[in-house]
Amino acid sequence: QVQLVESGGGLVQAGGSLRLSCAASGSGFGIVIMGWYRHTPGKQLELVALIDSDNNTNYTDSLKGRFTISRDNANNTVYLQMNSLKPEDTAVYYCYVRSDYPRRVNYWGQGTQVTVSS
């Protein structure tokens, strides 16, 4: 079982930056992929970025260049650095983790609110 604890959300003005963190804890698991999704009311859940254990990354095209995902494998932590934030980035950001050991399971964080004011 994996527990995810997110931090770093908040209110920021347009053009500002925020850094989200998500730490995974537990035992008996093997994390393969970590990442972030976001949800805005009235819209579908949107992929933000994913990173695998070899640090290969996958971003939603529209966020490339502004958002950067990274991970600390030793501490099972994933980060999302968000720069040049826009009001349309306002959403609840969810940490996502996929563990392939002992079987494939997807885990989700509780979500952290990011609000960008104009």
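Overview of the structure. These numbers were taken from a predicted model, which means no experiment stands behind them.

### Digging into the pairing of strand S10 (residues 105-108)
Turning to step 1, where the next piece is worked out: Of the pairings in the sheet, the one linking strand S9 (residues 91-99) to S10 comprises four bridges and is antiparallel in character. Paired with Arg98 across the two strands is Asn106, which belongs to S10.

### Section: the sheet that holds strand S8 (residues 77-82)
Turning to step 1, where the next piece is worked out: Pairing in this open sheet of four strands is antiparallel, and the strands run S1-S3-S8-S7 from one edge to the other. Each having just a single partner strand, strand S1 (2-7) and strand S7 (67-72) make up the two edges of the open sheet. Neighbouring strand axes in the sheet, compared pairwise and without regard to direction, differ in orientation by 15 degrees on average.

### Considering the packing of aromatic side chains
Turning to step 1, where the next piece is worked out: Inspection of every chain in the model, using the stated rule, returns three aromatic pairs.
Turning to step 2, where the next piece is worked out: Taken together, a centroid distance of 5.7 Å and an interplanar angle of 75 degrees make the contact between Tyr37 and Tyr96 edge-to-face. In this pair, Tyr37 sits in strand S4 (residues 31-39) while Tyr96 sits in strand S9, placing the two residues 59 residues apart along the sequence. Per residue, the accessibility class of Tyr37 equals that of Tyr96, and both read buried.

### Digging into the pairing of strand S5 (residues 46-52)
Turning to step 1, where the next piece is worked out: Here S5 lies mainly inside the structure; five of its seven residues are buried.
Turning to step 2, where the next piece is worked out: Counting the residues in the hairpin turn of S4 and S5 gives six residues, including Gly42, whose phi is positive at 90 degrees.
Turning to step 3, where the next piece is worked out: Here three bridges tie S5 to strand S6 (residues 57-59), and the two strands are oriented antiparallel to one another. Paired with Leu50 across the strands is Asn58, a residue of S6.
Turning to step 4, where the next piece is worked out: The loop that links S5 with its antiparallel partner S6 comprises four residues; one of these, Asn55, has a positive phi angle of about 65 degrees.

### Comments concerning the environment of Ser7
Turning to step 1, where the next piece is worked out: Turning to its location among the elements, Ser7 is positioned in strand S1.
Turning to step 2, where the next piece is worked out: Take Ser7: its relative accessible area is 38%, and that puts it in the partly exposed class.
Turning to step 3, where the next piece is worked out: Residues Ser7 and Ser118 lie 111 residues apart in sequence; the distance between their C-alpha atoms is 23 Å.

Analysis parameters
Residues numbered from 1 in each chain as written. Predicted model: local features only at pLDDT ≥ 70, side-chain atom pairs only at ≥ 80, totals over all residues. Heavy atoms only, no water. Pairing = 2+ DSSP bridges. Helix = DSSP H or I, 4+ residues; strand = E, 2+ residues; numbered from the N terminus. Axes fitted to C-alpha atoms, helices over the stretch in contact; angles between N-to-C directions. Phe/Tyr/Trp six-rings, centres within 6.5 Å; stacked < 30°, edge-to-face > 60°. Buried < 20%, exposed > 50% of the residue type's maximum accessible area, 1.4 Å probe, protein only.

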